[in-house]
Structures are given as structure tokens and as C-alpha cells.
Amino acid sequence: MNGYCMYLRKSRADAEAEMRGEGETLAQHQNMLMELAQKQELNIVKTYKEIVSGDSISARPQMQALLADVAERKYTGVLVVEIERLARGDTIDQGIVAQAFRDSSTKIVTPVKTYDPNNEFDEEYFEFSLFMSRREFKTIKRRMQAGRLAAVKEGNYICTSAPYGYRKINPQPKVHTLEIVPEEAEVVRLIYRLYLDGHGAKYIANELDSMGISPQKSRFWEPSSIRKILSNPLYCGMIGWKTRSNGNKLYKGLHEPVITEEMFDSVQIKRKTAPAPQLHPNDKLMNYYHNVLYCQNCGHQMKCRHITGSSREYMLCVYKECRGEVVSSAAVTVDEAVLSALRYRISKLERLKRCSEEVCNDIPDRKNILAAELEKAERQLSRLYDLLEQGIYDTDIFIERSRKAADRIRALKAAIKETESEHKMPQPIQDEAVIELKYAINNFAYSDAEEKNKLLNAAVSKIYYRKNKKKCKNRTYSDISLTALFL
């Protein structure tokens, strides 16, 4: 056991209270739980802050991380403002939460009560609290859904963001609608005309990029974005409301349409009956890293683009969250880094082969080194508690540094496990992997884009790319970091 952790999550009521100026909720809850920890002399080693809204565990990444750590028995207990913060989703989610804490004997500490899963009365009270929370949540949700449906039937637009071509407005109290953005509306009309003229989503996306027109949230158009615009009835003045029982129903909106209903209906008929547009015979694959190279920052595929004024191709991430964070690189530079990673993989596999043939002691030595590093990292984590107790570290510094120490410990444990698994790798699989890698390296430079893509897909599962700008002595430089997942 490594002390206690905190889990912080906003509820919908908290968000509404913040809008009324009642203060930042997570900060208030963190202070409340830190006072509780200090009063009960509990060591807080990590804080999980849920900054996204979601009813289910699948929509809450921090909750997923917490449950994984709880299952590994990393904490004696979890501090939370109230039981409802852990699970208000369906019965399955509540069962997952209850089982994770019960199987790991992890306590749940709230300002009102501490729940011990080994105590059958606490366990019953915990499950009853989750049940009542779920019941209250469903009542609130039904009431909100009824209010939303009534607003939609009146023609209101209740989504959080406006689609391309519109901006949100509130002309009167409790009236939520859209106003046309003229220049964007013209682009929407152009998309519909091009599609009815026989052009597909990929062609339209490329055409808009070549015209220097950018979408709302990225630098380049994606075919999927074009298809969403072509299928959205909002552009002909309607608002959709989807239910499980009745499917998707349309209501007349208060907003002004961008296109006519006839044009929208013509596009829907064409989308259902016309075959997918065929590629031009000369339209070959440009990005040979398709389904291979991914951005480590956001997880999306890297794109291949020609930069204006340069004849070279560049690999870059076009998603909004990576603007200014992930730096582009010339494709040839990425090629060199990828081939170096493949060569390193070959040398690693060949070294493992020599070790197995010569009964090499390198693997045990490496395990011993990693074990010594692990012991050192665990001692460092232990010393952090002393610094906190002596008042040298405040709570924020302690939590941040203990998190880094815990990450270091997990990385070392993973490295030890990887070393053990590599040592057990069957020799025929090693030999086959080396053959595939060498074939890819030897033929890469002489292949076209489609063949390069096949070689890469045969050699690796995924490659994660990262390149950040760094400053050193008033000089800015960039370095590429690749993480390759091999088959």
C-alpha cells in the first residue's frame, strides 16, 4: 500500500454554481479533502482530477486510471467529497466500482464517513448509496431530457457549439438559436453544389484546402467533416432529436436555413443510391505512413503535406490540440529516424539470439540494474514524506514530486517485465521478425508510396511521433522522438 489518493470531479450542479460566481469547485473540494487528510493523518500521494463531463466510466479517463490503480492495490484508501462522485452511471458501472474497491480492500474516505469494504455493513451502505445516487440521477436526467425535447420542439438549438456556417445567439431570454455566418455559409453551399456535380468528399476536402479555406477546428479539411456537413439537416432549417424508441425526428428550427430542403433531399438520395466516387487512375497514395505513424500528443494519424514554397513533403499533425505543440518534420527526416528504429530493433533481436545461444548473462544483469534503480526510486518516494512532514514541501509540490516518483517506479517495473518477456521470446518468431525488418530496410528507398506503406505495415504495428521545440542558451532547436510498437 502506498498511502491515500484523492479523486475530484465536477457535477453538473457544480458547473452551474461556478457560472453564478461561487468559486472553482475542484479547488474547493481539494482543500476540503486536504484538511480531512491532515486531520486523520493520511498521506496523500496522488490526485485524480476529472476535467471532462461524462455519465459513464468509459467517458471518464481519470476514473478509469483510478480503478486500474485500485485494482493493483496501490492505495490504502481513496478520498472523495461524496460517494456519488465515484459512480452515478448505470448498474454495470456501479458494480465495477464496488467490485474494484471490495476486491482490493481499498477504503473510501468522505468527510461524513469512511467506508471499509471488509465490513459487511459498510459494504451494504456503500451499495445502497450508489443505488440512491443512480435513482436520483435518472430522475434528474429524465427531467432534463423532457426540458430539452420541449425546447427543440419550439425550434431552439441546444447543442454546446454551433456547426460550420453558423454562430450561436440568444435573441430573447430562454431562446437559443443560430445566426448565419455569411462567408462560411457560402462554403457550405459550395460543398453541396460540388457533391451534386459528382465530386466525392475527398475531392471536396482537397479543393477547399487548395482554395485556402480552413474549417473551424483545424488547418485542413477531412473527408469525414465534409460528410457530416452533407448529412446535417440543420442546414435546411431543421433540428434533429434522436431517441432509442422513435429514431431521429426532425423539428422546424428558429434559425434561417443555408440551403433549400430540395437541395438537402437531393444530396441524401444521392448519398444512398450513388456508388462511392472512384479515385482517378493517377491518384496514388501520397502518405506512405498511413495507418502507421501517429501523433504521440493526441493519438491521431500524422498527415503528409506539401509546405508552400518547398518541394519536400512534411509530416505533421493537423489537429487543434497539437497546434504549437507538435512540430512538423520533413518526410525524409522521419524516414531516417524510422529506419534507425528498425535497425535498432534488429540489433536487439540478434543480441537476444546470441544471448540464448551462448547462455548470456546480459538479461539477468540488466534485471539487477533495473531492480537496483527501482529500489533507489522507492527510497526517494519514501523521503518525500519526511520532507512533507518537516514542512519543506507544501502539498502541491509534494503531490507533483510524488507523482513523478510513482511514474518512475511504474516505468522501471514495466522495463523489468519487458526484459523478462523478451528473454522468453521464441527463436522462430525472432528470426522471422529479423527477416521482415531487413527486407523493409533494404527495399524502402526503391519502393513507391504504396509499397513503402506495405513494408511498414509488415514490420511495425504503430509508430508514435513527437517533436517539440526546446530552448537551450537562447537557442531554439527540435528533436524527433519515435516510439515504435512492433508486431
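Below or above, wherever it landed, is the structure these notes cover. (Residues numbered from 1 in each chain as written. Predicted model: local features only at pLDDT ≥ 70, side-chain atom pairs only at ≥ 80, totals over all residues. Heavy atoms only, no water.)

1. A closer look at the sheet that holds strand β2 (residues 44-50)
Argument step 1. Judged by pairing direction, the sheet is mixed, and its five strands sit side by side in the order β2-β1-β3-β4-β5 without closing on themselves. The sheet is open, and its two edges are formed by β2 and β5 (114-115), each paired on a single side.
Argument step 2. The strands that helix α2 (residues 25-40) touches are β1 (4-9), β2, β3 (77-79), β4 (107-109) and β5; relative to β1, the one it contacts most, it runs at about 155°. (Pairing = 2+ DSSP bridges. Helix = DSSP H or I, 4+ residues; strand = E, 2+ residues; numbered from the N terminus. Contact = heavy atoms within 4.5 Å. Axes fitted to C-alpha atoms, helices over the stretch in contact; angles between N-to-C directions.)

2. Here we look at the packing of helix α7 (residues 201-210) against helix α8 (residues 223-231)
Helices that pack against each other are described as a pair by the angle of their axes relative to one another and the distance between those axes.
Argument step 1. Look at α7 against α8: their axes get within 8 Å of each other, and the N-to-C directions meet at 105°. For the element pair α7 / α8, the angle class is roughly perpendicular. From α7, Ala201, Lys202, Ile204, Ala205 and Leu208 reach across to α8, where they touch Pro223, Ile226 and Arg227.
Argument step 2. A breakdown of the residues in the contact of α7 with α8 according to their chemical character gives six nonpolar, no polar and two charged. (Parallel < 35°, antiparallel > 145°, perpendicular 65-115°, else oblique. Nonpolar A, V, L, I, M, F, W, Y, C, P; charged D, E, K, R; others polar.)

3. Let's talk about the pattern of salt bridges
Argument step 1. Applying the stated rule across the entire model yields eight salt bridges.
Argument step 2. Across the pair aspartate 69 and lysine 46 runs a salt bridge whose closest N-O atoms are separated by 3.9 Å. Here lysine 46 lies in strand β2 and aspartate 69 lies in helix α3 (residues 61-71), a separation of 23 residues in the sequence. Each of the two residues, aspartate 69 as well as lysine 46, counts as buried.
Argument step 3. Across the pair aspartate 69 and lysine 74 runs a salt bridge whose closest N-O atoms are separated by 3.1 Å. (Salt bridge = Lys/Arg side-chain N within 4 Å of Asp/Glu carboxyl O. Buried < 20%, exposed > 50% of the residue type's maximum accessible area, 1.4 Å probe, protein only.)

4. Points about empty space enclosed by the protein
Picture a little ball the size of a water molecule; that probe, rolled over the atoms, points out where space is still empty.
Argument step 1. For the coordinates displayed, the defined rule picks out one cavity of 30 Å³ or more.
Argument step 2. Taken as a whole, the largest cavity encloses approximately 80 Å³ of empty space.
Argument step 3. Ala98, Phe101, Arg102, Thr106, Ile108, Tyr115, Asp116, Pro117, Asp122, Glu123 and Phe126 are the residues that line the largest cavity.
Argument step 4. Put simply, the parts of the chain that give the lining of the largest cavity at least two residues each are α4 (91-104) and α5 (120-153).
Argument step 5. By residue class, the composition of the lining of the largest cavity is six nonpolar, one polar and four charged. (1 Å grid on protein atoms, 1.4 Å probe; cavity = no way out; pocket = protein on both sides within 12 Å on 5 of 7 lines; lining within 4 Å. Points joined across faces, edges and corners; volume = space filled by probe spheres on them.)

5. Concerning the environment of leucine 482
Argument step 1. Structurally, leucine 482 can be placed in strand β15 (residues 475-486).
Argument step 2. Residues leucine 482 and tyrosine 464, 18 residues apart in the sequence, show an inter-C-alpha distance of 5.6 Å.

6. Describing the layout of surface pockets
Argument step 1. Considered as a void within the structure, the second largest pocket measures approximately 920 Å³ in volume.
Argument step 2. In this structure, the second largest pocket is lined by 31 residues; those nearest its centre are Pro163, Tyr164, Lys228, Asn232 and Tyr235.
Argument step 3. Those elements giving two or more residues to the lining of the second largest pocket turn out to be α8 and β8 (238-243).
Argument step 4. In terms of residues, the lining of the second largest pocket owes the most to one element, β8, which gives five residues.
Argument step 5. For the lining of the second largest pocket, the per-class residue count stands at 19 nonpolar, eight polar and four charged.

7. So, the sheet that holds strand β13 (residues 329-330)
Argument step 1. Pairing is antiparallel across the open sheet formed by three strands, whose spatial order is β11-β12-β13. The two strands at the open ends of the sheet, each matched to only one other strand, are β11 (303-306) and β13.
Argument step 2. Here strand β12 (residues 313-316) runs beside β13; their pairing, made up of two bridges, is antiparallel. Within β13, the position partnered with methionine 315 by the bridge is serine 329.

8. As for the side chain of lysine 467
Argument step 1. As for its position among the elements, lysine 467 is in strand β14 (residues 460-472).
Argument step 2. There is a polar contact of 3.3 Å between the side chain of lysine 467 and the backbone oxygen of serine 328.
Argument step 3. A distance of 3.1 Å separates a polar atom in the side chain of lysine 467 from a polar atom in the side chain of serine 329. (Polar contact = N/O pair within 3.5 Å; in protein donor to acceptor, adjacent residues only side chain to side chain.)

9. As for the packing of aromatic side chains
Argument step 1. Taken as a whole and judged by the stated rule, the model has six aromatic pairs.
Argument step 2. For the pair tyrosine 294 and tyrosine 464, a centre-to-centre distance of 6.1 Å together with 45° between the ring planes defines the contact as tilted. Taken together, the residues tyrosine 294 in strand β10 (residues 293-295) and tyrosine 464 in strand β14 connect sequence positions 170 residues apart.
Argument step 3. Residue tyrosine 464 is classed as partly exposed on the basis of its relative accessible area of 22%.
Argument step 4. The residue whose ring lies beneath lysine 113 is tyrosine 115, and the NZ or CZ to ring-centre distance is 5.7 Å.
Argument step 5. Between lysine 462 and the ring centre of tyrosine 294, over which it is positioned, the NZ or CZ distance is 4.8 Å. (Phe/Tyr/Trp six-rings, centres within 6.5 Å; stacked < 30°, edge-to-face > 60°. Lys NZ or Arg CZ within 6 Å of the ring centre and 35° of its normal.)

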